[in-house]
Amino acid sequence: MATKSGNATALTVLSPIKNGAVDETSYADITRERCLRLPIHENSPLSKVPNTYLARLFILDDVFYESLPANDAVFNFSDITSLFSDSARKKALPRKDHLKSKYLVLSSNFYGNLEDYLVGMWEKWSYVDHEGNQRDIRHIWEHCVAFDRVTDSASFISYIKRCQLDASLFFNGSTDDSLQEQLKSLYLKQEFTRFAVEHQGKSAAEIQQAFKAFIERAQPENLESPTWSPGKSTP
Amino acid sequence: MSNIAGKAYAMNVITPIRWYMVWINRLIFKIALSNPSTLKGLITLSLIHYARWVIIPRDSFPRLDPSQPKEELNYSYMLFFSNFNGSWDQYVDSFTFAIPSGLDLFWKWNVRYPKSVPLTPFHDYIRHNQIDTAHYYNAYPMAASNDVKSAKIVKKALIDFNATSADKAPEDFLNDYNKLLNNLQHHFGDMRPTPIVSLSADAVRKRHLQSQID
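As the structure is a prediction and not an experimental result, all values here were calculated from the model.

(A) Broad picture of the overall build of chain A. What chain A contains, in helices and strands, is eight helices and 10 strands. Expected size for 235 residues packed as a compact globule is a radius of gyration near 18 Å; at 25 Å, chain A overshoots this value by more than 25%. With the C-alpha coordinates aligned to their principal axes, the bounding extent of chain A is approximately 90 × 50 × 30 Å. Looking at the 235 residues of chain A, the share that counts as buried comes to 51%. If you take every contact in chain A between residues at least 6 apart in sequence, the share linking residues at least 24 apart comes to 74%. For chain A, the accessible surface area stands at approximately 10500 Å², while carbon and sulfur atoms represent 48% of it. Positive and negative side-chain charges of chain A, numbering 27 and 31 respectively, have mean locations separated by a distance of 3 Å.

Shown next, in the form of structure tokens:
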């Protein structure tokens, strides 16, 4: 299955949520609200999970009934059969499906292998919620089926793998570099653009001297520092 | 709810597919994977960071405990996840204009898929089947997909230039420096928070600013 594209990995997780309620709020709605209230950008818990390129969370409440008119190969054929049999026409109409559980969906694109990434999720997922409380990953997955049995990173990995779906096709439209490499590159693009603008029209000696100072400050080969921090949303 | 993180938009679409046609879709994806030229249209659409298609056979929704009811479904489902830059309309229209046949091939077996041309029924289909994102994270919200690619080029060019030209005589250095700037001019750019590509992107920005004050 195509969960990898070059060095990028696609993780698709559907975790079923329990069908109960606290007072009159369903577990699914509690989970949804916690996701909606997660801080964003550099304050997101995902900014602390190493190697996360882009990731998202949502609640899959139900599937959709395809009531819209359309050109559907099978349905078009049934238009002909409906001349002879109304039951054939009815049989070809879309059917209603309903999910019996709601699902917490995590879709993540990250660099590296799955186990290391999930250990990072378990250990690094951390944020301050809207009431000022420090939270870890259990706050989001708390109301999912069987999550009460997750007590450490090994059982978390096992849990996620049971919820994991394989991708049939994973398209990588980005570079195939690690996140660290990408962030450093973005930092250099930003800084060198500014350097070029600031040194327009100056003398050769001045530019050369400034360039050497720039290289010492920016350290192009050092991915650790200085760099663009993950989730950074201001220049 | 936010389908937007900086300049990136998250699209989640779930569509039913007849269970007895799942194998055809899987075969098409497998062929697409082993023939990279079939994905050329997606590469040309350089606004995509990552995209993925996930097929869930009707009996394969995760069931972790006997207390969880077993799903009984008529259809299998295809989940489509995409991360792209620009507004929803720009993206969906780009699909229509850039790769209509490839797109149709991926979705053809989905129930009542209207084909990507003409536009309006296709828009309606995507909107009907789209699920909003509760939390969306982007490691580089101020960068478009093309910024990430440009940055790679700038970094390599900068390292190479430093190795070959930093210690030359000033006039030779300046000649090489000007060549460098000339070669890189298409890849330069100062990253800023997203311009308003849509009213919803602006609303997200305002909510973010508001949450920082609260």
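(B) Structural context of the pattern of salt bridges. Summed over the entire model, instances satisfying the criterion amount to 20 salt bridges over all chains. Residue A:Arg32 pairs with A:Asp61 through a salt bridge whose shortest N-O separation is 3.0 Å. Of this pair, A:Arg32 sits in helix H1 (residues 27–36) while A:Asp61 sits in the loop between strand S5 (52–60) and helix H2 (73–81); the two residues are 29 residues apart in sequence, bridging distant segments of the chain. A:Arg32 gets classed as partly exposed once you look at its relative accessible area, which sits at 22%. A salt bridge links A:Glu181 to B:Lys155; the nearest nitrogen and oxygen atoms lie 2.8 Å apart. Placement of the pair is A:Glu181 in helix H7 (residues 179–198) and B:Lys155 in helix H6 (residues 145–165), with the two residues belonging to separate chains. With relative accessibility at 8%, the residue B:Lys155 sits in the buried group.

(C) Quick peek at the nonpolar core. In this structure, A:Met121, A:Trp125, A:Trp141, A:Tyr159, A:Phe192, B:Tyr140 and B:Tyr177 are the most contacted members of the largest nonpolar core, which totals 82 residues. Element by element, the count of residues in this core is highest for H7(A), at eight residues. Residues contacting B:Tyr177, with those up to four places away along its chain left out, are A:Phe192, A:Phe195, A:Ala196, A:Ile207 and B:Phe161. Counting residues in hydrophobic clusters, the runner-up holds 38 residues, among them A:Phe171, B:Ile24, B:Phe29 and B:Trp109.

Cut-offs and rules
- Residues numbered from 1 in each chain as written.
- Chains lettered and ligands numbered in written order.
- Predicted model: local features only at pLDDT ≥ 70, side-chain atom pairs only at ≥ 80, totals over all residues.
- Heavy atoms only, no water.
- Helix = DSSP H or I, 4+ residues; strand = E, 2+ residues; numbered from the N terminus.
- Rg over C-alpha atoms; globule rule 2.2 N^0.38 Å.
- Buried < 20%, exposed > 50% of the residue type's maximum accessible area, 1.4 Å probe, protein only.
- Contact = heavy atoms within 4.5 Å.
- Areas by Shrake-Rupley, 256 points an atom, 1.4 Å probe, with all protein chains shown as cover.
- Lys, Arg positive; Asp, Glu negative; His and termini not counted.
- Charge placed at Lys NZ, Arg CZ, Asp CG, Glu CD.
- Salt bridge = Lys/Arg side-chain N within 4 Å of Asp/Glu carboxyl O.
- Core = buried A, V, L, I, M, F, W, Y, C linked by side-chain atoms within 4.5 Å.

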